[in-house]
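Structural description and commentary
Read off the chains here:
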Amino acid sequence: MPLLDKRRRVSFAVPVLVAAGLTLTLGAFFQMRAANREAERAQHERQFTQFHDALTERIGSHALLLRTLRSAFSDARPATRDAFAAAVRPMMPLYPGLWSVTWVRRVPPAEVPALEADMRAAGRKDFVVQDGDDGGETPAAAPGSSQGDLFVNTLVEPERGGAFTQGVNILSLPNRAEVLARACASGELTATEALPPRQQGETGRSIGLYLPVYRYPVDEMDGADRCAEVAGYVASVFGIARLLEEAGNRVNGLHGAVHLLDGPAGDGGRVLASRDLDALSASREGVPFGEIRKEGETVVERDLAIGGRRWTLALAIPPEPRLTPADYPAWIVLVMGLLLTGALAGYTRREAQAKHFLVTEARARAAMARALRESEERFRMALRHSRVAVFSLDRNLRYMWMYNPQTGRAAENFIGRTNAGLHAPDDAARLDAVKRGVLESGTGARQEVRIGMAPGPEQVFDLIIEPLRDEAGAVSGVICAAIDISDGVRIREALAEAHAEAERANRAKSRFLAAASHDLRQPFQAMSLFHHILSARLSDAKQREVADKLGEAIAAGNTLLNTLLDTSALEAGNVKPRPTVFPFQDIADRLNREFAEQAASKGMVLRMVPTSAYVLSDPVLLERMVRNLLVNALRYAGTGTILLGCRRRDGQAVVEVWDTGPGIPTDQLKLIFDDFYRCGTDQRDSGRGLGLGLSIVRRTANILGHQVDVRSRVGKGTVFSIAVLMVGDRHHPLPEEPSTSVASA
C-alpha cells in the first residue's frame, strides 16, 4: 500500500506541474502580447494625431495666405494685375497643393461694360463677363444687394491652367451664393464643398476658400449690413489629395490608409480623397467608406474643420499579422516557458519511472526465474515424450551437452566424445561433414541422415544444425536437434514402391491392349458379318426386330471396344503422328457428309462454314479429334444447332465446334477431359458412351502439340476449339518447307 500511494502521488504531481507551468506561461504570453498591441494602437493614435495637426496646419497656412492678400485689397484703390502677380507668385511654390488664387470683384450690372473695356485696355483682349459652364443654374443675386450685383474673377494666378477662369460670375457656380453669403455675414474664411475637377490636367477633388474684403470697417455691423459693404473676395483652390500627401510627408512611422470623408465613417460618409501610406491604390473618390473598409481593419476618426465646414479624417489600420517584431519577446517567453515546463515535467517523470523501474525489474527478475524453471520443466517433459534429441558440440565436434538421445544410449555416454567414437566410420564422416560446414559458414543447415545401429535396424533422423556464438559473435560450436523419422521414411518408401508397381502394371496393361487390339476386333467383325447374313435370310417381322436389336448391341460394343483400344494405344505411345500440310476443308466436307444425316434424325441442324486454310497436322488424328467433338455435341446437345468452322487467329487456324445444348457448369470444365467422366448424365447410362471421347481428344492434342480449349454458358451452349498451325490458304502459294513456316492469317 505505501508503494501504491507513492506512485499515485507521482502520477498526480506531473499533471499538476504541467498545468501550473502552462497556465503561467500562457498568462505571461497573452499579457505581454496584449500590452504590445495596446502600445501599438496608442502609437498609431499619436501618429494619427500628428497627421491631423499637420493637415490642420497646412490648411491654416492657406487661410493665412488669404488673410495676407486681403490686406492688399482693403485699399480703396483697385489692385492691379502686376501687383497681384507680385504678391501671389512668390507664395505659390510654398504651397504644392495650391491650384489657384483669385480676386473676385463685386461689379454692379451697369458697370460690366466699363469693366470689360478696362480689362481689354489692360491687355486682356478676350476678357468677357460670363456665367460658369458647370452650373446650369440661374445666377443668384449678390449677397446684401437687391440690384443683382455680380462677383467676377478679375485677377487670377496662375492665369492659364488654374482652377479659376477670368471673367466668370462666381454666383453662377453651384452653391457659391450660399458660400459667399456665409462668408460676408461672418467676415471669416468660408469653404466650399469638395469640388470635382473642372479643367483638363486637374486630378482629384479640391476645396475652394473665400475670404470677404470690405470697403469700410464692419466690426459694429450685423450680417446684412456687412454683406452690403463687401468689395469682393480673395479666393483660393487647393487639391485635397495633395494636402493629405503634404501632411503624410511630415509624419514618420504611420501606416495604413488615410481617408477624408464628407461625414462620419459609421454614417455612410463618402470618400473625398485617400492616401494609402503603405502602397499605391486605386482611386476611391465618391465611394462610401463602408464599402472599401476591409474586415479586421481598425478605424480611428478625427473631425477636421475647414472654413466653417466639418469633415471626418479617418485612418484605416490593417490587421496586424499574428507574428510581428513587437511580439518576439512574448513568443520567446512562451517558448522558454514551454521548454522549462516540459523539461521539469520530463525530469520529474523520469525520476519516478527510474524508481518504479528498479522495483519492477526486481519483481520481473523473480518472475522470470520462476517462468524459466517452469519452462525448463515443460521443455524437458516435452522432449522426454517426443522423438527429438537436442545436443551441442564445440569447435572440435565434441559433444558438450545432450538431452533425450534417440539411439538407445544414455546421454552421459556422448559427453566429451566425437562421432568417430560413437558411430561407424561412414556415418561419423557424413555427420562431421555437415556440422563442419556450419562451423565454417556460420549458416544453419538441415539434412536427412541415416545411422546404422549395431543390434537394431537402421535409424533415419531429420538433423537441424545451427551455429552457436560467443559474446563476441564468433562461432564457438553448433547446437543440433535430431528428429527420429524412421517410421515415416519406411512408410514413404513403401508407398513409393507400391506406386511404382502400379505404374508398371498400368503400362503392362496398356501394352497388352495395344498389342491385342487386332485380336479383340476380329470377333466383332465376324459377328457383324454373321449378323448381316442372318438379317438377309430372315423374313418374319418379329425375327427381323430381334436381329436389329442384336445389330445395335454389336455396333455399341464395337464402338466401346474401339474407344478403349484407342485410349490404350495413346497411353502406350504406339500412336506416332505424321504431320503434313493439307486443306482443312477436306476434313470438314467428310465430317459434314457423315454427321448431317445423323443430326437431322435427331431433330438438329449441322452447319459447316467453308474455309480456305491450309494447316500443318496429322490429318487422320485431327479428323478423329474433330469427329469426337461432333459425336459429343450430337450426344449431349439434344436439340438445336451444331456449327463446325475454322477461323484465323494470330497465325493459327482455330477449329471450333459450337452447339446450343444445355452447357457445362464452370466447376466441371476441367473435369470433362478426365477418363470415364460424363457431365450431367447417369454414369450407368451406357447409351451415352464411356466418357472417353474428350479424354482421347486431350491425349491426341498432347501428341500433336495442339491446344484444346472449351467455353460454355449454362443454358446457352458450349464451344470446343483446337488451335492448329496455319501455313497458308488457297489464295496464297504454299511455302517450300511448310513444316517450318507460318503464313499470316
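Let me sum up the structure you'll find in this document. (Residues numbered from 1 in each chain as written. Predicted model: local features only at pLDDT ≥ 70, side-chain atom pairs only at ≥ 80, totals over all residues. Heavy atoms only, no water.)

1. Brief notes about the overall build of the chain
Note the threshold: The way it works is that DSSP assigns letters per residue, a run of H or I at least four long becomes a helix, a run of E at least two long becomes a strand, and they are numbered from the N terminus. We call a residue buried when its accessible area falls under 20% of the maximum for its residue type, exposed when it is over 50%, and partly exposed in between, using a 1.4 Å probe and counting protein chains only. Two residues form a contact once any of their heavy atoms are found within 4.5 Å. The Shrake-Rupley method, run with a 1.4 Å probe, gives the accessible areas here. Residue values count only the displayed protein chains as cover.
Regarding its fold elements, the chain presents 15 helices and 23 strands. Here the chain, with 745 residues, has 39% of them falling under the buried criterion. Partitioning the contacts of the chain with sequence separation of at least 6, the portion at a separation of at least 24 is 64%. As presented, the chain carries roughly 41,700 Å² of accessible surface, and 55% of it is formed by carbon and sulfur atoms.

2. Examining empty space enclosed by the protein
For clarity, the threshold we go by: Only protein atoms enter the calculation, which uses a 1 Å grid: trapped sets of points that fit a 1.4 Å probe without letting it out are cavities, open sets showing protein on both sides within 12 Å along at least five of seven lines are pockets, and any residue with an atom within 4 Å of a point is a lining residue. Grid points are joined across faces, edges and corners, and a volume is the space filled by probe spheres set on the points.
Using the criterion set out here, one finds 3 cavities of 30 Å³ or more in the structure. Volume-wise, the largest cavity comes out at about 160 Å³. Around the largest cavity sit 16 residues that line it, and F391, Y399, T407, I451 and A482 are the ones nearest its centre. Sorting the residues of the lining of the largest cavity by element identifies β12 (388-394), β13 (399-403), α9 (425-441), β14 (445-451) and β15 (459-469) as the ones contributing at least two each.

3. Notes on the state of the cysteines
The criterion, for reference: Note on terminology: disulfide denotes any pair of cysteine sulfur atoms within 2.5 Å.
Per the stated rule, a full pass over the model turns up 1 disulfide. Between C184 and C227 runs a disulfide, and the two sulfur atoms are separated by 2.0 Å. Across the S-S bond of C184 and C227 the torsion is about 75°, and the bridge reads as right-handed. Linking C184 in helix α4 (residues 176-186) with C227 in helix α5 (residues 223-228), this pair joins segments that are 43 residues apart in sequence. The pair formed by C184 and C227 is uniform in burial state, with each residue classed as buried.

4. Overview of the environment of Y403
As for its position among the elements, Y403 is in strand β13. Separated by 15 residues in sequence, Y403 and V388 place their C-alpha atoms 9.0 Å apart.

5. Focus: the packing of helix α14 (residues 619-637) against helix α15 (residues 693-704)
Which entries qualify depends on this criterion: Where helices are involved, their axes are fitted lines through C-alpha atoms of the stretch in contact, as for all axes, and angles between N-to-C directions lie from 0 to 180°. If an angle is under 35 degrees, it is roughly parallel; if it is over 145, roughly antiparallel; if it lies from 65 to 115, roughly perpendicular; otherwise it is oblique. Crossings are classed by handedness, with left-handed meaning an anticlockwise turn of the near helix from the far one by less than a right angle and right-handed meaning a clockwise turn. Residues are grouped as follows: Ala, Val, Leu, Ile, Met, Phe, Trp, Tyr, Cys and Pro are nonpolar; Asp, Glu, Lys and Arg are charged; all remaining types, including Gly, are polar.
With their axes 9 Å apart at the nearest point, α14 and α15 run at an angle of 155° to one another. Taken together, the axis directions place α14 and α15 in an arrangement best described as roughly antiparallel. Both α14 and α15 take part in a crossing whose hand is left-handed. The segment α14 lies against α15, with L621, L622, M625, N628, L629 and N632 engaging G693, L694, I696, V697, T700, A701 and L704. When its residues are assigned to classes, the contact of α14 with α15 shows 9 nonpolar, 4 polar and no charged.

6. Let's talk about the packing of helix α13 (residues 584-601) against α14
Relative orientation of the contacting elements α13 and α14 amounts to 30°, with a least axis distance of 10 Å. Viewed along their axes, α13 and α14 adopt a mutual orientation that is roughly parallel. As for how α13 packs across α14, the hand of that crossing is right-handed. Here α13 contributes F584, I587, R590, L591, E594, F595, Q598 and A599 to the contact with α14, which in turn contributes P619, L622, E623, V626, R627, L630, V631 and L634. Among the residues making up the contact of α13 with α14, the classes are represented as 11 nonpolar, 1 polar and 4 charged.

7. A short note on the pattern of salt bridges
The following threshold applies: We define a salt bridge as a contact between a side-chain nitrogen of Lys or Arg and a carboxyl oxygen of Asp or Glu at a distance within 4 Å.
Applying the stated rule across the entire model yields 20 salt bridges. Across the pair R89 and E157 runs a salt bridge, and its minimum N-O distance is 2.7 Å. With R89 in the loop between α2 (81-88) and β1 (98-107) and E157 in strand β3 (residues 150-157), this pair connects stretches of sequence that are 68 residues apart. For R89, a relative accessible area of 47% puts it in the partly exposed group. By relative accessible area, which is 7% here, E157 ends up buried. Between D149 and R106 there is a salt bridge; the shortest N-O distance is 3.1 Å. Highlighted residues: D149 in the loop between β2 (130-131) and β3 and R106 in strand β1, separated in sequence by 43 residues. Here the two residues D149 and R106 agree in accessibility, since each one is buried. Each of R590, E594, E623 and R627 takes part in salt bridges that share partners, so that together they form one network.

8. Quick notes on the sheet that holds strand β10 (residues 298-306)
The cut-off we apply is this: Two strands make a pair as long as DSSP finds a minimum of two bridges between them.
Read from one edge of the open sheet, 4 strands run β9-β8-β11-β10, paired in antiparallel fashion. Either end of the sheet is taken by a strand with one partner, and the two such strands are β9 (271-276) and β10. Pairwise comparison of adjacent strand axes, ignoring direction, gives a mean angle of 20° for this sheet. With 9 bridges connecting them, β10 and strand β11 (residues 309-317) associate as antiparallel partners. Paired with T298 across the two strands is I317, which belongs to β11. Where helix α6 (residues 240-249) meets the sheet, it contacts β8 (257-261), β9 and β11, and its direction lies at approximately 35° from that of β9.

9. Considering the pairing of β8
Extensive coverage of β8 is indicated by the burial of 5 of its 5 residues. Side-chain alternation along β8 places A257, H259 and L261 on one buried face and V258 and L260 on a second face that is also buried. As defined by bridge partners, β8 adjoins β9 across 5 bridges and the pair is classed as antiparallel. Each residue of the ladder has a partner; that of A257, found in β9, is D276. Of the strand pairs in this sheet, β8 and β11 are connected by 5 bridges, and their pairing is antiparallel. Each residue of the ladder has a partner; that of V258, found in β11, is L315.

10. Brief notes about the packing of aromatic side chains
Put simply, the rule reads: For Phe, Tyr and Trp, rings pair up if their centres lie within 6.5 Å, where Trp contributes its six-membered ring, and each pair is then called stacked (planes under 30 degrees apart), edge-to-face (over 60) or tilted (otherwise).
All told, the structure shown has 3 aromatic pairs when counted by the stated rule. Ring geometry for F151 against Y233: centres 5.4 Å apart, planes inclined by 55°, an arrangement best described as tilted. Residue F151 is located in strand β3, and its partner Y233 is located in strand β7 (residues 230-239); the two are separated by 82 residues in the primary sequence. The buried category is assigned to Y233, whose relative accessible area is 0%. Put simply, the rings of F391, Y399 and F414 touch in pairs and so form one group of aromatic residues.

11. A few points about a nonpolar patch on the surface
Test applied: Residues enter patches when they are more than 30% accessible in relative terms and free of salt bridges; like-charged ones are connected within 9 Å and nonpolar ones (Val, Leu, Ile, Met, Phe, Trp, Tyr) within 5 Å.
On the surface, Y328, I332, V335, M336 and L339 cluster together into a nonpolar patch covering about 500 Å² of accessible area. Within the secondary structure, M336 sits in helix α8 (residues 328-384). Note on M336: relative accessible area 44%, which makes it partly exposed.

12. Brief notes about the nonpolar core
Quick note on the threshold: Definition of nonpolar core: a set of buried residues of the types Ala, Val, Leu, Ile, Met, Phe, Trp, Tyr and Cys, connected through side-chain atoms within 4.5 Å.
Grouped together as the largest cluster of nonpolar side chains are 44 residues, with contacts concentrated most on F51, L55, V101, I207, L209, I306 and L313. Ranked by the residues each element gives to this core, the list is headed by helix α1 (residues 2-73), at 10 residues. Listed in part, the 39 residues of the second largest apolar core include F584, F595, M604 and V615.

13. Comments concerning α13
Put simply, the rule is: An expected span of 1.5 Å times one less than the residue number is assigned to each helix. Throughout, bend refers to the angle between the axes fitted to the seven residues that end at a position and the seven residues that start at it.
For α13, spanning 18 residues, the distance from its first C-alpha to its last is 26 Å, which sits close to the expected 26 Å at 1.5 Å a residue. Of all bends in α13, the biggest is about 35°, found at F595. Taken residue by residue, α13 has F584, Q585, I587, A588, L591, F595 and A599 as its buried positions. Of the surrounding elements, those touching the buried residues of α13 are β17 (580-583), β18 (604-608), β19 (613-617), α14, β20 (640-649) and β21 (652-659). With its phi angle positive at about 75°, G603 sits one or two positions after the end of α13.

Purely geometric stuff here, so don't read any function into it on its own.
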